[in-house]
Amino acid sequence: MKRALGPALKILALRMPAFTIPALAIPALLFAGTMRAADAPVVVTSIKPIHSLVSAIMQGVGEPELIVDGAASPHTYNLKPSNARAMQDAKVIFWVGPGLEAFLEKPLQALGRNASIAALDDAPGLVKLPFREGGAFEPHDDAPEHESASGQHDEADAAHDADPGHAGDHDHDHDHDHDTFDTHLWLDPMNAKAMAAMITTTLVAADPANALTYQGNAKALDDKLDALDTEIKDMVAPVKDKPFIVFHDAYQYFEHRYGIRVTGSITVSPETIPGAERVSEIHRKVGELGATCVFAEPQFEPRLVNVVVEGTRAKSGVLDPEAATLKAGPDLYFNLMRGIANSMKDCLSSA
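Residues numbered from 1 in each chain as written. Predicted model: local features only at pLDDT ≥ 70, side-chain atom pairs only at ≥ 80, totals over all residues. Heavy atoms only, no water.

(A) Structural context of the overall build of the protein chain. Assigned secondary structure in the protein chain consists of 13 helices and eight strands. The burial tally for the protein chain puts 48% of its 351 residues in the buried class. For the protein chain, restricting intrachain contacts to residue pairs at least 6 apart in sequence, the fraction spanning at least 24 positions comes to 69%. Of the roughly 17100 Å² of accessible surface on the protein chain, 55% is carried by carbon and sulfur atoms. (Helix = DSSP H or I, 4+ residues; strand = E, 2+ residues; numbered from the N terminus. Buried < 20%, exposed > 50% of the residue type's maximum accessible area, 1.4 Å probe, protein only. Contact = heavy atoms within 4.5 Å. Areas by Shrake-Rupley, 256 points an atom, 1.4 Å probe, with all protein chains shown as cover.)

Right, here's the structure in full:
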């Protein structure tokens, strides 16, 4: 037996160096990964919902930078030095437009000179809804009348926007009036599809070497958005006729798409905290309109909602239209929309 073990051990010893090959290959694999990351264009996005759509389309190529991170809001954001450096290095910058991220207007002109800048509120096919006057709305009209209130690009704008050569020139010569429509455009999945199409066109023009990846990811995202739309319709259907009040008027697109009944908002603009008279008016409206829920937002004054519901039968909940509490990434958009639908369903069904 001892003699038989000798040759066997020698054979094992001869084979052992083979197990060191993967370790030797690791530096080469890391180098290849580094080269791939270096080849990806530097892409900067303004807010989390837009970052999510861009991330989904860039999967397998690179990851975009995000300016308004964490629980910050584009309504009150101050640009950081790290944001400025990212914008200077960017090949592509995506934002909604000056109606939402007003803090970016001048920095884009100063820092984004070498980038293709795409304002997604110019995406062809968007449904745009006008701002509503005041905060306490009257009971809603029928859906067809809402449909007629939506705005679309005219044919000349659509042709201009679809041209990759014009994908980045809107921010320096923006000829649309951004004060006339609600800029929370992403809260309708069909608008998200329109923005994703413009994102894809812009990325392909800036980085044609990865065009097939962008286009394949865009197709998968398009299908997922269709499925999400059907899912949310089913989720909110049992409670869509129950009236409720929101902190600020950010939900028109969700409301328009799914036929829900937002009857008013505490404040028109989240930058302006309403006074005692305004809060008293909304408190009165909660009773008059029969609102079943009043929704706060995580980054704005939740105590106001407690004052508004005090002494009424209305319950309070939280909606997060800008994804302040969600982790950035390709899944964020879907978590955002499901979160809004779930919050509405939970509060309204228990009221």
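(B) Inspection of the state of the cysteines at higher detail. Counting across every chain of the model gives one disulfide. Shown here is the disulfide that connects cysteine 293 with cysteine 347, its sulfur atoms set 2.1 Å apart. The chirality of the disulfide connecting cysteine 293 with cysteine 347 is left-handed, given an S-S dihedral of about -110°. Residue cysteine 293 is located in strand β7 (residues 293-296), and its partner cysteine 347 is located in helix α13 (residues 332-350); the two are separated by 54 residues in the primary sequence. As far as the burial class goes, cysteine 293 and cysteine 347 line up, both buried. (Disulfide = S-S within 2.5 Å.)

(C) Structural detail: the pattern of salt bridges. This model, assessed by the stated rule, comprises seven salt bridges. Lysine 193 serves as the salt-bridge partner of aspartate 222, at 3.5 Å between the closest nitrogen and oxygen. Note that aspartate 222 is positioned in helix α9 (residues 211-236) and lysine 193 in helix α8 (residues 189-206), a separation of 29 residues in sequence. Overall, aspartate 222 belongs to the partly exposed group, its relative accessible area being 26%. Judged by relative accessible area, which is 18%, lysine 193 ranks as buried. Among the salt bridges present, the one from arginine 338 reaches glutamate 231, with a minimum N-O distance of 2.9 Å. (Salt bridge = Lys/Arg side-chain N within 4 Å of Asp/Glu carboxyl O.)

(D) α8, seen in detail. The terminal C-alpha atoms of α8 lie 25 Å apart, and with 18 residues this matches the ideal 26 Å at 1.5 Å per residue to within 8%. For α8, the buried fraction is high: 14 of the 18 residues fall into the buried class. Between a side-chain oxygen at the N-terminus of α8 and the backbone nitrogen of methionine 190 the separation is 2.8 Å; the capping residue is aspartate 188. (Expected span 1.5 Å × (residues − 1). Polar contact = N/O pair within 3.5 Å; in protein donor to acceptor, adjacent residues only side chain to side chain.)

(E) Local environment of the packing of aromatic side chains. With the rule as written, the count across this model stands at four aromatic pairs. Seen in terms of ring centroids, phenylalanine 244 and phenylalanine 295 are 5.3 Å apart; in terms of plane orientation they differ by 85°. Their pairing is edge-to-face. Separated by 51 residues along the polypeptide, phenylalanine 244 in strand β5 (residues 243-248) and phenylalanine 295 in strand β7 bring together distant segments of the chain. The pair formed by phenylalanine 244 and phenylalanine 295 is uniform in burial state, with each residue classed as buried. Across the ring face of phenylalanine 181, the terminal group of lysine 128 is positioned such that the distance to the ring centre comes to 4.4 Å. In this structure, lysine 224 packs its charged tip against the face of phenylalanine 334, placed 4.5 Å from the ring centre. (Phe/Tyr/Trp six-rings, centres within 6.5 Å; stacked < 30°, edge-to-face > 60°. Lys NZ or Arg CZ within 6 Å of the ring centre and 35° of its normal.)

(F) Summary view of the environment of valine 44. Tracing the chain through its elements places valine 44 in strand β1 (residues 43-45). Separated by 48 residues in the primary sequence, valine 44 and valine 92 have C-alpha atoms spaced 6.4 Å apart. The residues contacting valine 44, other than those within four sequence positions of it, are Glu65, Ile67, Ala86, Met87, Ala90, Val92, Ile93 and Phe94.

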